[in-house]
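Listed here are the chains, written in short residue letters.
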Amino acid sequence: MSDARRAFAANPFAAFLATGFGSGLSPVVPGTVGSLVGLAIGWGLSRWFATIHIHIHVASVGPVVGLLMSGLFVGLVGVAVSGPVCRALGSEDPGCIVIDEVAGQLMACAAVPLFWPYSSGLAEACAWIGSFVLFRFFDIVKPGPIRSSQELPGGWGVVVDDVLGGLAAAAVLAGIGWLAARAGWI
């Protein structure tokens, strides 16, 4: 915690953003807590994007694109703010930096509005939970190129693996949604 205080003293705004509004300071599973923050933001943004998009009874692309762009924006902010915080903490990817989890979770959430904007509440809830579980899986396991992306310099190495993990989670969730729609389950 003293290291985190040092980072906040050196650059309070960057540290606040890099720690996911302080969620990365959680004493247990800070990455999971940061992902939950991303899930809550993703849910709220999807509702907002849906209200500004024309409502039709088919999958809505507006919220999907909005969530993807939001994830990319948060990821770019994460690249900028995590570098100084990493230097202040003397670590390449300290656990308290969770803006990357927020960005990755937003990317994972992007698949939810593809198939669940007008389905039952249970199916939609399962999709949101699925985006969280799949993102955490890809964030922890880091298969293939996701793991190697951590070798990128500075804030890029902190953020890119989570953005890729979020995209992988979204792809899997979209595939599950497509299969469920073809089977008539949603």
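Rules and cut-offs
- Residues numbered from 1 in each chain as written.
- Predicted model: local features only at pLDDT ≥ 70, side-chain atom pairs only at ≥ 80, totals over all residues.
- Heavy atoms only, no water.
- Helix = DSSP H or I, 4+ residues; strand = E, 2+ residues; numbered from the N terminus.
- Buried < 20%, exposed > 50% of the residue type's maximum accessible area, 1.4 Å probe, protein only.
- Polar contact = N/O pair within 3.5 Å; in protein donor to acceptor, adjacent residues only side chain to side chain.
- pLDDT = per-residue confidence, 0-100.
- Core = buried A, V, L, I, M, F, W, Y, C linked by side-chain atoms within 4.5 Å.
- Contact = heavy atoms within 4.5 Å.

**Q** Any chance you could explain the side chain of S131 here in plain terms?
**A** Relative to the helices and strands, S131 resides in helix α7 (residues 121-141). Overall, S131 belongs to the buried group, its relative accessible area being 0%. Looking at S131, its side chain comes within polar contact range of the side chain of Q105, at 3.4 Å.

**Q** Quick question: what am I supposed to make of the confidence of the model for the protein chain here?
**A** Low pLDDT means the predicted coordinates in that region are not meant to be read closely. Mean pLDDT over the protein chain stands at 89; residues scoring 70 or higher make up 92%. Element-level mean pLDDT values for the protein chain span from 76 in helix α1 (residues 2-10) up to 98 in helix α5 (residues 99-109).

**Q** Hey, could you run me through the nonpolar core in this one?
**A** When a protein is soluble and globular, its nonpolar side chains tend to lie buried together. Core analysis: the biggest nonpolar cluster contains 40 residues, and V74, V81, V85, I97, I99 and A169 have the highest contact counts within it. Ranked by residues supplied to this core, first place goes to helix α4 (residues 61-89) with eight residues. Ignoring any residue separated from it by four or fewer positions in sequence, one finds I97 in contact with A18, S82, V85, C86 and V158.

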